[in-house]
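# An overview of the molecular structure
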Amino acid sequence: MPRISVSHLMKMKSEHQKITCITAYDASFATIFDQAGIQVLLIGDSLGMVLQGHDSTLPVTVDDIKYHTTCVASCAKSALIMADLPFMSYANAEQAYANSAILMRAGAQMVKLEGGEWVANTIQGLVERGVPVCGHLGLTPQSVNVLGGYKVQGRQQAQADKLLSDALLLEKSGIQLLVLECVPVALAERITNALQVPVIGIGAGAQTDGQILVMHDAFGISAGFCPKFSKNFLLETGDIRGAVALYKKQVESSEFPASEHCFY
Ligand code: KIV
């Protein structure tokens, strides 16, 4: 099977087929997810929390993402491999170019970065230089200290309007995918309908074009707690492969996320 491409994801959006994504950090899980037909594997900077035990993603380095991208890319043959640019690795365009080159050489086919208007020029420069980019809006964990915690974003009208205009600007700048995290369902639907490119939600309701979860949350094994927007798919299946298949099936049928996983 040929590798999933950005045009494949665009076609899925146009045909109203839901896109299933999950984080992956190692060869074994990457193989399971790839064989299950998951479309996008994200080497997320969430690894700082679920693998390294930090209380935020801020300590994660480009070398960390590079290492885990190499592990995932060695096995995942069908899924599109997306690597996170970690905190302060794209503070200016030159840094973003150099660090994206490292991650693309490690096996990524797309990089993801957080932020709105301030990253627009950087995105345009990356795309012009051959690097596909996924934007990330809403709750952007690298800005946890500015946001004052891991909070739902876009509940006030002005904030919601700003998120929509940022999403449109990022699309104009060249993103080919957008992750939207922890926003009210109605806002996620508004943004999904306004954009041509697929919008992948996490804590953003079932109206987005697809879903992404941190794999440890999907298996209920995150140290501490399971976020409201996630679900332990192992509970019903008792088996990793079964849990992945159930996650994909429930995303495709819009059974997941259900109302108890959403913000309003
Ligand atoms: O780092 C990560 O895992 C992410 C997802 C939560 C989307 O950015």
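Scroll up to find the structure this text is about.
Below is a short write-up of the structure.

What counts, and where the lines are drawn
Residues numbered from 1 in each chain as written. Predicted model: local features only at pLDDT ≥ 70, side-chain atom pairs only at ≥ 80, totals over all residues. Heavy atoms only, no water. Buried < 20%, exposed > 50% of the residue type's maximum accessible area, 1.4 Å probe, protein only. Helix = DSSP H or I, 4+ residues; strand = E, 2+ residues; numbered from the N terminus. Pairing = 2+ DSSP bridges. Axes fitted to C-alpha atoms, helices over the stretch in contact; angles between N-to-C directions. Near = heavy atom within 4 Å. Polar contact = N/O pair within 3.5 Å; in protein donor to acceptor, adjacent residues only side chain to side chain. Nonpolar A, V, L, I, M, F, W, Y, C, P; charged D, E, K, R; others polar. Expected span 1.5 Å × (residues − 1). Contact = heavy atoms within 4.5 Å. Right-handed = clockwise from strand over helix to strand, strands pointing away.

### Considering the pairing of strand β5 (residues 133–138)
Taken residue by residue, a regular strand's side chains alternate between the two faces of the sheet. Of all six residues in β5, six are buried; the element is thus mostly enclosed. Relative to strand β6 (residues 177–181), β5 is paired through five bridges, and the arrangement is parallel. Pairing of Leu-137 across the sheet is with Leu-180, part of β6.

### Details of the sheet that holds strand β7 (residues 199–202)
The strands making up a sheet associate through backbone hydrogen bonding, with each pair oriented either parallel or antiparallel. The parallel closed barrel is built from eight strands, whose spatial order is β1-β2-β3-β4-β5-β6-β7-β8. Strand-to-strand twist of the sheet, defined as the mean angle between neighbouring strand axes without regard to direction, takes the value 25°. Bridge count between strand β4 (residues 110–114) and β5: four bridges; the pairing is parallel. Bridge pairing in β5 links Glu-114 to His-136.

### Focus: the site of the ligand
In the neighbourhood of the ligand, 13 residues make up the surrounding shell, with Thr-23, Asp-45, Ser-46, Asp-84 and Lys-112 lying closest. Asp-45 has a polar side-chain atom sitting 3.0 Å from an oxygen atom of the ligand. Classifying every residue of the shell around the ligand by side-chain character gives five nonpolar, four polar and four charged.

### Digging into helix α8 (residues 157–173)
Between its first and last C-alpha atoms α8 spans 24 Å; for 17 residues at 1.5 Å apiece the expected length is 24 Å, and the two agree. For α8, every residue scored as buried is listed here: Ala-160, Leu-163, Leu-164, Asp-166, Ala-167, Leu-170, Glu-171 and Ser-173. Against the buried residues of α8 lie α6 (120–128), β5, β6 and α9 (185–194). Trailing α8 by a residue or two, Gly-174 shows a phi angle of about 125°, which is positive.

### Comments concerning the pairing of strand β2 (residues 40–43)
Judged by which residues are buried, β2 turns out to be covered on both faces: Val-40 and Leu-42 on one side and Leu-41 and Ile-43 on the other are all buried. Handedness of the crossover joining strand β1 (residues 19–23) and β2 through helix α2 (residues 27–35): right-handed. Judged from the four bridges that link them, β2 and strand β3 (residues 80–84) form a sheet pairing that is parallel. By the bridge assignment, Ile-43 is partnered in β3 with Ala-83.

From the geometry alone we can't say anything about function, so treat these as descriptive.
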